[in-house]
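Breakdown of the fold
Spelled out from the first residue to the last, the chains are:
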Amino acid sequence: MMKSTHAILLAALLASASPLAAQEKTISTGPVPAWVQESEPLPVPEDASGMFFLRRQDTQVHFDDHGQWNFNAQHLAILHPQALQAGNLGIAWNPAAGDAVVHRVLVHRDGETIDVLEKTQFEILRREDQLEQAMLDGILTAVMRVPDLRVGDELELAWTAPAHDPTLEEQSFGVLFLADSAPPGRVRMSLTWEDGQKPNIQVPEGLREYTTQTSDRLLIAADNLPTRTMPKDAPPRYAFHRVAQFSDFESWREVSSTFDTLFDNASQLSASSSLKEEAARIARSYSTDKERAAAALELVQQQVRYIFVGLNGGNFTPATADETWERRYGDCKGKTALLLALLAEMDIDARAVLVNNSGGDDGLDGFLPNPGMFDHVLVQADFDGETYWLDGTLPAVVGMQTRPLFEYRWVLPLASEGSELVSREPEPLALPTEMGLYELDARDGFDVPARKTYTNVTRGPAGVLEYIQHSAMTADQIETSYRSNLTGGGEWDEITSVTYRYDKDTLASVLTISGVGPIDWDDDGDGARSLVLPGGGFSPPNRRRRSSEQDQTAPFYSPPSYSCHSTTLRLPRDTDLDNWGFNSTFDTMLFGRVYYRMMEKRDDMTIRMVRGSRNEVIEISPERAERDNGRIEQFDNSKANITYDPERTMNSWGNLSPVPAVYEFDWVSPAAPCLPEDLR
C-alpha cells in the first residue's frame, strides 16, 4: 500500500540508476513446513506444445498464531528454448516479516534428479528497483541462474516466505488469482488455517466450479484451465472474475479506524516540536482557515521532498510528523501525518483519506475489506460548505482542489469510529485534459511560408509531470531544446520563440511554440486550393460487441476523457472571402461520447474551427450500445476541410455558432467553447 502513482510524478528528475547492494546473509534452506499440502505432478502429454508444460504449481497461504505464510512450488517441463529463462530464479520477500526458506531447486533429466543447491547458491540482493520513482521498500531478492538447464529438462522449485505485515501483525488480507489465459498444466491454490485463524473468504463466480472447502482448507484446483477473458470493453471491476479474496478485517469501518489510529499517533507533536512555531507563523499570516490550510499544504509540498520509505515495515506505518519535518523527506503517509499535525495545531478539522491512484478501485464496494486495495493517502478538509482535497505529494502549483487530480471511484476516510467506503459518482471532466491550439497566418499568400503559433495544453497527472520536467529547466534551456528538435521537420522552417507556463487556476501545463513553416495546401487547379485544418478530424468509434462466450449483460465502459482542438487560419490578403468555404459542422453523441465540431468564417478574413469530444457517460448498457452500433454508418468522419475557388461563391455550411480566434480568447480558461452550448 501507499506506493503512489505520485512517486512517478514527483521523482521524474531523480537518478535513474538502481543500485544492487549485496547482503552478507544468505537465504536459508530447510524442509517443507508440516502444514503444506502439495499436489501430485501431472504427466506431460505426448502432444504437449508451447514454451513449457506446468506439471504442477502449488500456492498455499497459511494462517497461524504468528501470522501469514506463503508457500510456492513449481514443477515445469521445458519444451522450447525461450522457456530456459525460467532458470533465472528470483524470490522476493520483506525481511521485516521474517526469513524466506528455500526447500528445493531440482532439475530432472532422463530419469536423473540433480540437486542444484549442492553446487549453486542464491545471491541475496537488496534490489531497490524503484529508486528512480523515489521508493525505498527494503525488499530482499534471492536470485539464482540455474546452470546447464536444457530443453527437455524439468525444473522444480519450492520455497516459503512470511507475508504478515509488521504493522498489522496478525491481521491478514490478500488475494489468490488465476490468470485469464493460464499455461497448460496443473494449478492448485489454497488457504489453510489453524484453529481460530480462519479469515473471511470470498470466491467469485468464475472460480467456484474449481473450489472446494473443508473445516481448515479452501482449495482452488484446475487442470488445463480454459481461457476465460473478461467481457470486452467492460468496466475494470469485471477483471476480477478469477480473483479470490481473504481478509481478517470484518468491515471497512474496521480498516478506517485501524488506520486512523496510525495517523492520529503519527500526527501528534512533541512539546518542543518546531512545527508548533510553523503553525503559529501560518496562523498569524492568514486570516481564514481556508487560507491557512492552503499555506500549510504549500509548506508540506515545497519543503519536504517525496521519498517512499517502506523499510522495516513502513509500508503501512506513517513516519511521525516531527520525524518527517526533521529529515525533510517523506512518502504520502509521512506528508499526510505532517499536514494533519499542522492543521490540528491551527484547530482546523481535517481527515486522512485512503485512495487508489492506479485506477483499481472500480467495484471496490464488492470487495472484502482490504487495505492493500489502496496505494495512496491524502487529506480532506471542509471550507465554506465544500470538501477540498489536499495532496502533500504534489508540487505546490496543485493547491487545494474541490476535485482531486486523479479520478477516484471509491475512497475511505479515516475516523476514530470508522467510516464506510464513500462513492464518488463518475461525472464528465470539467476541463479538457488535452488541447491543441493552432494559429496559421497565411496572409502573405499560398506559396509563402506561414507564421505559425502552436499551443499545447495538458491537464491531469500528465500535465503535472510535464510541469515537473519543464519547471526544472531555464527558459533558455526549454527554447533551445524545442528549437533543436523541431526545426527542419515538416512543420517548422524556423522557431522564433518557445514559452512555458503552468496555469494554477485550471491546472494546465501550457507550452507555446511560434515560428515559420509551410502550409500543406493542395493545388486543385485553376487557382483553386484546399487544406485540411490540423486538429479537426474525427474517426468513427468502433462497434461495441462481444464474442458469444462473453457476458452479454455487462455494460460497456469508456474512461473519463475530454479533448479540444482549435485552429484559426488567417486567409491570404489577395483572395476574396466569398470564394472561401468549409465542410460540415458536427454535433452528435455515440456510446455516451459527444463529438462536436464548429467552423466559421469572419469578415476579418479568418476561418475558425473548434473540435471537442468528451465522455458524458462512462458506462452504457448493451441495449444502448447496440442502438449506437446501427448509427455508426451515419457518422461523419470527414476531416475539417476548407476550400478556395476564385470562380465560385461559397456560403457557410450548417448551423453556425461563434468560434473565437485562438489569439483573441483565453482558451485555457473554463469558458473555452469546446462543446455544444448545452453541455458547457
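All chains use their own residue numbering, which begins from 1 and follows the written sequence. For this predicted model, a pLDDT threshold of at least 70 governs which residues receive local features, and a threshold of 80 or more governs which side-chain atom pairs are given and counted, while totals over whole chains, interfaces and linings are taken from all residues. The basis for every side-chain value is the complete set of heavy atoms in the structure, and neither hydrogens nor water enter the calculation.

A few words now on the overall build of the protein. Per the convention used, a helix needs a DSSP run of H or I reaching at least four residues, while a strand needs a run of E reaching at least two, with both numbered from the N terminus. What the protein contains, in helices and strands, is 10 helices and 39 strands. The principal-axis extents of the C-alpha atoms in the protein amount to approximately 90 × 75 × 50 Å. Using a 1.4 Å probe on the protein chains alone, a residue whose accessible area is under 20% of its type maximum counts as buried, one over 50% counts as exposed, and one in between counts as partly exposed. Counting all 680 residues of the protein, 52% fall into the buried class. Within the structure as shown, the protein displays about 31,000 Å² of accessible surface, and the carbon and sulfur contribution to it stands at 46%. In this description, accessible areas are obtained by the Shrake-Rupley approach with a 1.4 Å probe, and a residue is regarded as covered only by the protein chains that are shown.

The strand order across the open sheet built from four strands is S30-S31-S39-S34, with neighbouring strands paired in antiparallel fashion. Among the strands making up the open sheet, the edge pair consists of strand S30 (522-525) and strand S34 (580-582). The mean inter-strand angle of the sheet, taken between neighbouring strand axes irrespective of direction, is 20 degrees. DSSP bridges decide pairing: two strands pair if at least two such bridges lie between them. As judged from the three bridges shared by S30 and strand S31 (residues 528-532), these two strands associate in the antiparallel manner. Across the sheet, the residue bridging to glycine 525 is alanine 528, located in S31. Every axis in this analysis is a line fitted to C-alpha atoms, fitted for helices over the stretch in contact. Angles between the N-to-C directions lie between 0 and 180 degrees.

On to the environment of lysine 198, then. Along the chain, lysine 198 turns up in the loop between strand S13 (185-193) and strand S14 (200-202). Linking lysine 198 and serine 215, residues 17 residues apart in sequence, is a C-alpha distance of 9.1 Å. Setting aside residues no more than four positions away along its own chain, lysine 198 makes contact with Trp193, Gln213 and Asp248. Note on contacts: a residue pair qualifies if any of its non-hydrogen atoms lie within 4.5 Å across the two residues.

Mapping threonine 568 onto the fold places it in strand S33 (residues 562-570). On the basis of relative accessible area, threonine 568 is assigned to the buried category, the value being 0%. In protein, a polar contact requires one atom able to donate a hydrogen and another able to accept it; more generally it is a pair of N or O atoms within 3.5 Å, and residues adjacent in sequence count only if both atoms are side-chain atoms. Of note is the side chain of threonine 568, whose polar atom sits 3.0 Å from the backbone nitrogen of valine 662. Discounting residues that sit within four places of it in the chain, threonine 568 has contacts with Tyr438, Glu439, Leu440, Thr606, Ile607, Arg608, Pro660, Ala661, Val662 and Tyr663.

Two rings belonging to Phe, Tyr or Trp (six-membered ring only in the last case) form a pair when the distance between their centres is within 6.5 Å. Interplanar angles under 30 degrees mark stacking, angles over 60 mark edge-to-face geometry, and anything in between is tilted. Tallying each qualifying case throughout the model produces 21 aromatic pairs. Note on phenylalanine 173 and phenylalanine 249: the rings are 6.2 Å apart at their centroids and 45 degrees apart in plane angle, and the pair reads as tilted. Pair noted here: phenylalanine 173 is in strand S12 (residues 173-177) and phenylalanine 249 is in the loop between strand S17 (243-247) and helix H3 (252-266), with a separation of 76 residues, a long-range link. Relative accessible area serves as the criterion here: at 1%, phenylalanine 249 is assigned to the buried category. A network of ring pairs unites the aromatic residues Phe173, Phe249, Phe259 and Phe316 as a single cluster.

Opposite charge on two side chains permits them to pair, given that their charged atoms come into close proximity. Whenever a carboxyl oxygen of Asp or Glu lies within 4 Å of a side-chain nitrogen of Lys or Arg, that contact is scored as a salt bridge. With the rule as written, the count across this model stands at 41 salt bridges. Arginine 56 is the partner of glutamate 38 in a salt bridge, and the nearest nitrogen-oxygen pair spans 2.9 Å. Here glutamate 38, found in the loop between strand S2 (28-29) and strand S3 (52-64), pairs with arginine 56, found in strand S3; they are 18 residues apart in sequence, far enough to count as distant. A residue is classified by how much of its surface remains accessible, and arginine 56, at 5% relative accessible area, is buried. The salt bridge partner of arginine 237 is glutamate 619, with a shortest N-O separation of 2.8 Å. Taken together, the positions of arginine 237 in the loop between strand S16 (217-223) and S17 and glutamate 619 in strand S38 (residues 619-620) put the pair 382 residues apart, joining distant regions of the chain. Connected through shared salt-bridge partners, Glu38, Arg56, Asp58, Arg104 and Glu156 make up one network.

Honestly, it's all geometry; don't read function into it.
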